[in-house]
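# Observations on chain architecture
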Amino acid sequence: MPALSAGQLFQYAEQQALNAVFLKTQSPAAASVYQALSSAATSGALQSTATTMADASISEFATASGYARQAMAVVAATSASPSLIYNSGALTWGPFTSAPGTANWAVTCTAVSGTSANTIAAFLLATARTPLTGDSLQAAAGTGSAGVGFIAQV
Amino acid sequence: VVAKSLVGRTFTYNHGEGLGFGEHHAGKPLIAEMRDMDLPSGAKVTLFAIDEDSKDPVIQWEDSTGQGRLTTVGEDFFNHFFVAV
């Protein structure tokens, strides 16, 4: 199975995008997307063929630690080639009620909870983070510049 | 189990000793940076969802910087420290 690189779409999102731009189907209705945290290894663990958060390769933080996926607002895709989309505001997870482990990835998905949520894109964190009990974990708002924000492109 | 019918309702986080949510669980004062991002006692929150898997409540609130946050709260903790407005 193909491993993901930073900012890459998952298979579910690739299909949604291609079916929409080739006018095969209507685009999905506008809705919120959510940013999850994953402790999957930085190399070779996260698979682009994982279509839902139930996939064993995702390794999402446990909600028993106070963790919850965060609603993520994104900019409109930029008028450029390659076109980019990224988070328009900062995101903060926690406060954690127990140490949740080490976050290596952020994974965008379609629902605030549940393993049936579809996966959209994966982002390798610039630095792995290991929050302690009581801590919050914050990611900066995106700017569209390389390395600043959760930036995805087709 | 916290009833799904309560989703959308407002609650107040009331800690008897005035501790923040993270501070309570840490069992010690938080450093200033983390304290600013903690849920303080007395804060208003909205029950945003019931986690599909754990059935624990997910609350929505704003931190001291005005940023919207979602946090999962253990059911027992929610029933003890969160009071419906």
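See the structure shown above.
Read on for an overview of the structure. As the structure is a prediction and not an experimental result, all values here were calculated from the model.

Residue and element names in this part refer to chain A. Along the chain, Ser 81 connects to Pro 82 via a cis peptide bond; the corresponding omega equals 0°. Looking at the secondary structure, you find Pro 82 in the loop between β3 (70-72) and β4 (84-86). Across the junction of Gly 94 and Pro 95, the peptide omega takes the value 0°, indicating a cis bond. By secondary structure assignment, the location of Pro 95 is in the loop between β5 (91-93) and β6 (103-109).

With that out of the way, let us pick up the sheet that holds β6(A). Residues and elements named next belong to chain A. Spatially, the five strands line up as an open sheet ordered β1-β7-β6-β2-β3, and their pairing is antiparallel. A strand with exactly one partner marks an edge of an open sheet, and here the two such strands are β1 (8-9) and β3. Of the strand pairs in this sheet, strand β2 (residues 33-38) and β6 are connected by five bridges, and their pairing is antiparallel. Each bridged residue has a counterpart across the sheet, and for Leu 37 the counterpart in β6 is Ala 106.

Let us look at the nonpolar core. The biggest cluster of nonpolar side chains holds 38 residues, and the ones touching the most others in it are A:Phe10, A:Leu37, A:Leu46, A:Met53, A:Tyr67, A:Trp93 and A:Phe150. Every residue in contact with A:Trp93, bar those within four places of it in the chain, is listed here: A:Gln35, A:Leu37, A:Tyr67, A:Ala68, A:Arg69, A:Gln70, A:Ser136, A:Leu137, A:Ala139, A:Phe150 and B:Arg69.

Taken together, the contact pairs 26 residues of chain A with 24 residues of chain B. The tally of links from chain A across to chain B stands at 13 residue pairs in polar contact (both at pLDDT 80 or more). For the side of chain A that touches chain B, the secondary structure elements donating two or more residues are β3 and β5 of chain A. Considering each element in turn, the side of chain A that touches chain B owes the most residues, three residues, to β5(A). Grouping the constituent residues of the side of chain A that touches chain B by class yields ten nonpolar, 14 polar and two charged.

Calculation notes
Throughout this document, residue positions are counted from 1 along each chain, in the order its sequence is written. The naming scheme follows written order: chains are lettered A onward, ligands numbered 1 onward. Owing to the predicted nature of the model, reporting of local features is limited to residues with pLDDT of at least 70; listing and counting of side-chain atom pairs is limited to 80 or more, with chain, interface and lining totals taken over all residues. Neither water nor hydrogens contribute to the side-chain values; these are computed over all heavy atoms in the structure. Strands here are runs of E lasting at least two residues and helices are runs of H or I lasting at least four, both read from the DSSP assignment and numbered beginning at the N terminus. For two strands to be treated as a pair, DSSP must find at least two bridges joining them. Joining through side-chain atoms within 4.5 Å is the link that ties buried Ala, Val, Leu, Ile, Met, Phe, Trp, Tyr and Cys residues into a set, and such a set is a nonpolar core. Whether a residue is buried, partly exposed or exposed follows from its accessible area with a 1.4 Å probe, protein chains only, as a fraction of its type maximum: under 20%, in between, or over 50%, in that order. Any two residues having at least one pair of non-hydrogen atoms within 4.5 Å are treated as being in contact. We define a polar contact as two N or O atoms separated by no more than 3.5 Å, with the added condition that, inside protein, one atom must be a possible hydrogen donor and the other a possible acceptor, whereas residues neighbouring each other in sequence contribute only through side-chain atom pairs. Side-chain classes are defined by residue name, with Ala, Val, Leu, Ile, Met, Phe, Trp, Tyr, Cys and Pro counting as nonpolar, Asp, Glu, Lys and Arg as charged, and the others, Gly among them, as polar.

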